[in-house]
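# Commentary on secondary and tertiary structure
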Amino acid sequence: MLIAQISDTHIKPEGRLAYRRVDTALFLARCVEHVRGLTPAPDVVLVTGDLVDAGLEEEYVRLRRLLAPLPMPVYVIPGNHDARAPLRNVFGADGYFPREGEYLQYAIEDHPVRLIGLDTLVPGQPGGRLGPERLAWLEARLGEAPERPTLVFMHHPPFKTGIEGMDVQWLEDGEALGSVIRRHAQVEGVTCGHVHRAIHARWCGTVVTTAPSSAHQVDLDLRQPGALNWVMEPPACLLHLWRPGVGLVTHTSHIGDFPGPYPFYGPDGRLID
Ligand SMILES: [Fe+2]
Ligand SMILES: [Fe+2]
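Residues numbered from 1 in each chain as written. Chains lettered and ligands numbered in written order. Predicted model: local features only at pLDDT ≥ 70, side-chain atom pairs only at ≥ 80, totals over all residues. Heavy atoms only, no water.

## Concerning helix 1 (residues 24-36)
The condition is simple: Numbered from the N terminus, helices here are DSSP runs of H or I no shorter than four residues, and strands are runs of E no shorter than two. Expected span of a helix, by definition, is 1.5 Å for each gap between consecutive residues, and there is one gap fewer than residues. Here's how the labels work: a residue is buried when its accessible area is under 20% of the maximum for its type, exposed when over 50%, partly exposed in between, all with a 1.4 Å probe on protein chains only. Here, two residues are considered to be in contact whenever any of their heavy atoms come within 4.5 Å of each other.
When the terminal C-alpha atoms of helix 1 are compared, their 18 Å separation across 13 residues agrees well with the 18 Å that a helix rising 1.5 Å per residue should span. Every buried residue of helix 1 is accounted for by Thr24, Ala25, Phe27, Leu28, Cys31, Val32, His34 and Val35. Lining the buried residues of helix 1 we find strand 1 (2-6), strand 2 (44-48), helix 2 (57-67), strand 12 (236-243) and strand 13 (247-254).

Here it is in structure tokens:
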């Protein structure tokens, strides 16, 4: 099973640029073309929050139009820039959001890897939190299928990345989440967005990853104290490859025109020197 993860698409209303500079819709259109061109084709696409920039319904309508060319199922979860009501209005017809309750978290059972999306949004604040209700829901879902390999996806990372400006807006009850995850060895990984960079860490008995943005990236500033800036490093998506007996392996797939690929070996079978 191949799972593509797109993150932090930050779609703005028509004619508006993010931070007055980034045409996030154009970058998402390129990302969608990139995913459509992959061989083998991903079985599903996850979009891990900051779907739009200001939580406006017209932004979700635009996002939906931009994602529409993807032929595989697409599952979205909210980030701190999102708003649940307009997100539900525009994407609810896809049928995977819970019919009742406030939170937009769900389990997808249709694939070899069980996919569990968590809703870490706290309206009006950049950092995330799950709280007892959403954590209890996760505990119950994981308890249902202890033998099924599972990927948990959410917006806010539960670990400190070393980028101070992002670490102050992490998942504030990550420790409570960790104690749930630790009890369920079928969790092959936890994958997040929010940090606009590919980062990996060992965490609570599993592996946790954050995805790059389809548009602008967060500047890699590991100074303490550091500054929080964005940078136009190459956009990318993640490809999570799961195979029976192997498990989950995560690749970063950069979006753009790059020279190559070039062969290592010549027609004579010898390494080109
Ligand atoms: Fe973001
Ligand atoms: Fe975010």
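## A short note on the pattern of salt bridges
Our working definition: Any Lys or Arg side-chain nitrogen located within 4 Å of an Asp or Glu carboxyl oxygen qualifies as a salt bridge.
Applying the stated criterion across every chain yields a total of 16 salt bridges. The residue arginine 62 makes a salt bridge to glutamate 14 at a minimum N-O spacing of 3.4 Å. Note that arginine 62 is positioned in helix 2 and glutamate 14 in the loop between strand 1 and helix 1, a separation of 48 residues in sequence. Its relative accessible area of 12% is what places arginine 62 among the buried residues. Arginine 84 is the partner of glutamate 102 in a salt bridge, and the nearest nitrogen-oxygen pair spans 3.1 Å. Placement of the pair is glutamate 102 in the loop between helix 3 (84-91) and strand 4 (106-108) and arginine 84 in helix 3, with a sequence separation of 18 residues. Arginine 84 gets classed as buried once you look at its relative accessible area, which sits at 10%. Overlapping salt bridges, with partners in common, bring together Glu109, Arg114, Arg141, Glu144 and Arg148 in one network.

## Looking at the layout of surface pockets
For clarity, the cut-off: Detection works on a 1 Å grid of protein atoms alone, calling trapped sets that fit a 1.4 Å probe cavities and calling open sets with protein on both sides within 12 Å along at least five of seven lines pockets, with lining residues defined by an atom within 4 Å of a point. Grid points are joined across faces, edges and corners, and a volume is the space filled by probe spheres set on the points. Classification convention: Asp, Glu, Lys, Arg as charged; Ala, Val, Leu, Ile, Met, Phe, Trp, Tyr, Cys, Pro as nonpolar; all other residues, Gly among them, as polar.
Volume-wise, the largest pocket comes out at about 250 Å³. Lining the largest pocket are 15 residues, with Tyr19, Met166, His196, Val218 and Leu228 positioned closest to its centre. Looking at the lining of the largest pocket residue by residue, the class counts come to 5 nonpolar, 8 polar and 2 charged.

## Description of the sheet that holds strand 6 (residues 150-153)
Put simply, the rule is: Criterion used throughout: strands pair if DSSP finds at least two bridges between them. To get an axis, fit a line to the C-alpha atoms, keeping to the stretch in contact for a helix; angles then go from 0 to 180 degrees between the N-to-C directions.
Read from one edge of the open sheet, 6 strands run 4-5-6-7-9-8, paired in mixed fashion. Only two strands of the sheet have a single neighbouring strand rather than two, namely strand 4 and strand 8 (199-203). Within this sheet the neighbouring strands show an average axis-to-axis angle of 20°, counted without direction. Where strand 4 and strand 5 (residues 114-117) come together, 3 bridges link them in antiparallel fashion. Within strand 5, the position partnered with isoleucine 108 by the bridge is leucine 115. Together, strand 4, strand 5, strand 6 and strand 7 (187-192) form the strand contacts of helix 4 (residues 131-144), whose direction differs from that of strand 5 by roughly 175°. Running over the sheet, helix 6 (residues 174-182) touches strand 6, strand 7, strand 8 and strand 9 (206-210) and is turned about 65° from strand 8.

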